[in-house]
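Observations on the three-dimensional arrangement
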Amino acid sequence: MNLTILGGGKLFVNVFLFAIRNKSIKKINLLISKRHANELYDGIETAESKLNQIIKSHSSRHINLNILNSLDFEVFKNSVKETDLQLSFSAPWIYKEEHINICSNLIQLHCTTLPEFRGGGNTSWRILSGINYSSIVLFKVDPGIDTGDIVFYKKFFFPKDCYKPIDYDSYTDQMAFESIIKFIDSFIIEGSVPKGRVQQDEFSSYFPRLNTMIHGYINWSWDAYEITKFITAFDDPYPGALTRLTNYDEKLHLKGATLLEEYANFHSFQQGIIFRKDENGLYICAKKGALKISEVINENGENIKDRIILGERFFNDYEDLANALATRIKYSSKGIK
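If you're wondering where the values come from, they're calculated on a predicted model, not measured in any experiment. (Residues numbered from 1 in each chain as written. Predicted model: local features only at pLDDT ≥ 70, side-chain atom pairs only at ≥ 80, totals over all residues. Heavy atoms only, no water.)

Points about the sheet that holds strand β10 (residues 241-245)
Strand pairing in a sheet relies on backbone hydrogen bonds. The paired strands run either parallel or antiparallel. Sheet architecture is open: 6 strands sit in the order β12-β13-β14-β11-β10-β15, paired in antiparallel fashion. Each end of this open sheet is capped by a strand with a single partner; those strands are β12 (274-278) and β15 (314-315). Contacting β10, β11 (248-260), β13 (281-286) and β14 (289-297), helix α9 (residues 224-233) runs over the sheet at an angle of about 110° to β11. (Pairing = 2+ DSSP bridges. Helix = DSSP H or I, 4+ residues; strand = E, 2+ residues; numbered from the N terminus. Contact = heavy atoms within 4.5 Å. Axes fitted to C-alpha atoms, helices over the stretch in contact; angles between N-to-C directions.)

Shown next as structure tokens:
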């Protein structure tokens with residue numbers, strides 16, 4: 001069997017590590033975007049560095065690596081021809097019919113309950129929606145956006161200790177890796193992809209990608225539950241939800257939000273006021289409750305919660321909130337378009 005892996009991300013590297021150790025896989029072609037190649041694999045070295053290190057230590061294996069700023073058709077063609085299975089993870093490219101038609105089995109990973117939550121930013125959108133489950137889905141790529149026939153589907157619930165996006169992503173990556181390995185092993189044995197199941201569009205939903213520096217501004221007129229969910233949705237590995245503070249010039253990032261439902265008697269005019277502080281964090285007024293914040297990060301990356309004075313108020317300008325609603329972003333292999 002010959003395999004092509006496309007896209008990027010930590011899962012891309014981990015699946016490559018599995019494939020290179022599997023003697024049933026004779027040839028491996030890698031097609032990774034430049035943006036993903038520059039990302040840190042383990043917090044220390046880049047994905048590109050890690051891939052080259054793996055390739056060098058397996059010099060006897062037949063491996064081709066291509067790093068692209070854009071999806072060059074000839075490079076794509078050479079990467080998928082003569083391979084039996086083409087797996088796409090977190091790819092920044094849109095596959096068109098000319099790409100799909102030259103592939104034997106182009107399969108895309110999507111870690112949501114398709115046809116729900118098509119699109120991007122899925123972990124943050126799920127946290128905002130209060131949904132504690134997801135799925136590992138592999139589908140045949142077609143010209144639509146996450147609309148192809150499903151060939152693998154595994155639903156799961158997140159453990160109770162998943163709180164921040166990084167927790168959800170880590171658990172999802174674990175489930176995805178196990179599912180992909182199972183799928184590859186099945187393909188090696190059967191020699192084909194399972195018959196696909198058509199997605200039911202009447203149950204579909206689509207949500208766009210998010211960017212913290214554009215969409216992460218807190219609307220302090222929301223109630224305590226909504227604000228807590230919003231801050232959590234932009235927590236690690238992201239920079240943190242954005243806010244301004246009275247008598248402070250810089251914009252600040254908030255992380256580590258906890259809902260305090262026992263405080264339910266604040267007036268709307270008290271929203272955003274810091275009414276208490278201790279070693280655990282800052283306590284902030286909101287509608288229908290309060291919230292505790294453990295991290296207030298300035299532009300230098302410092303947690304300055306201990307420097308903040310009681311009675312100051314978190315707030316945001318109308319222009320920032322309006323821009324968050326009015327701006328839709330798109331990513332290419334180079335980053336934000």
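There is more to say, and it comes next.
Re the environment of I28
If you trace the backbone, I28 turns up in strand β2 (residues 27-33). By relative accessible area, I28 is classed as buried at 0%. Put simply, I28 and I5 are 23 residues apart on the chain and 7.5 Å apart in space, counted from C-alpha to C-alpha. Excluding its chain neighbours within four sequence positions, the residues that come into contact with I28 are L3, I5, F16, A19, I20, R61, H62, I63 and N64. (Buried < 20%, exposed > 50% of the residue type's maximum accessible area, 1.4 Å probe, protein only.)

Some details on the packing of aromatic side chains
Counting across every chain of the model gives 15 aromatic pairs. Residues F158 and Y168 carry aromatic rings whose centres are separated by 4.7 Å and whose planes lie at 80° to one another, so their mutual orientation is edge-to-face. Of this pair, F158 sits in the loop between β8 (150-157) and α7 (165-190) while Y168 is found in helix α7, placing the two residues 10 residues apart along the sequence. Neither F158 nor Y168 differs from the other in exposure class; each is buried. Geometrically, the ring pair formed by F275 and Y283 is edge-to-face, given 6.2 Å between the ring centres and 65° between the ring planes. Judged by its relative accessible area of 25%, F275 falls in the partly exposed class. (Phe/Tyr/Trp six-rings, centres within 6.5 Å; stacked < 30°, edge-to-face > 60°.)

Some points on the pattern of salt bridges
If you walk through the whole model with that rule in mind, you get 10 salt bridges. With a shortest N-O distance of 2.8 Å, D320 and R244 are connected by a salt bridge. Placement of the pair is D320 in helix α10 (residues 318-326) and R244 in strand β10, with a sequence separation of 76 residues. For the pair shown, D320 and R244 are each scored as buried. Notably, a salt bridge pairs E302 with R307, separated by 3.7 Å at the nearest N-O pair. Of the residues examined, E302 reaches a relative accessible area of 33% and is grouped as partly exposed. Classification of R307 by relative accessible area gives exposed; the value is 56%. (Salt bridge = Lys/Arg side-chain N within 4 Å of Asp/Glu carboxyl O.)

Topic: the side chain of T113
Along the chain, T113 turns up in the loop between β5 (106-110) and β6 (118-119). Only 2.8 Å separates the side chain of T113 from the side chain of E116, close enough to count as a polar contact. A polar contact is formed between the side chain of T113 and the side chain of R126, at a distance of 2.9 Å. Among residues more than four places away in sequence, those in contact with T113 are R126, Y133, S134, S135 and Y153. (Polar contact = N/O pair within 3.5 Å; in protein donor to acceptor, adjacent residues only side chain to side chain.)

What to know about the pairing of β11
Bridge count for β10 against β11 is 4 bridges, and the pairing is antiparallel. Note that in β11 the partner of L242 across the bridge is H253. As consecutive antiparallel partners, β10 and β11 are separated by 2 residues, and within that stretch N247 has a phi angle of approximately 60°, a positive value.

So, α10
Among all positions of α10, only D320, L321 and A324 are buried. The buried side chains of α10 occupy one side of the element, clustering within an arc of 100° when seen end-on. Counted as exposed and oriented over 90 degrees from the buried face of α10: Y318, E319 and A326. Close packing links the buried residues of α10 with α8 (212-215), β10 and β11. (Arc of directions from axis to C-beta.)

Considerations on the sheet that holds strand β4 (residues 85-89)
Ordered in space as β3-β2-β1-β4-β5-β7-β8, the 7 strands form an open sheet in which the pairing is mixed. At either end of the open sheet lies a strand with only one pairing partner, and these are β3 (62-68) and β8. Averaged over all adjacent pairs, the angle separating strand axes in this sheet is 15°, with direction ignored. Bridge analysis of β5 against strand β7 (residues 133-140) gives 4 bridges, and the strand direction is antiparallel. The partner of H110 across the bridge, within β7, is V137. Along the sheet face, helix α1 (residues 10-21) touches β1 (2-7), β2, β3, β4 and β5 and points at about 170° away from the line of β2. The sheet strands contacting α7 are β4, β5, β7 and β8, and the helix crosses β8 at an angle near 145°.

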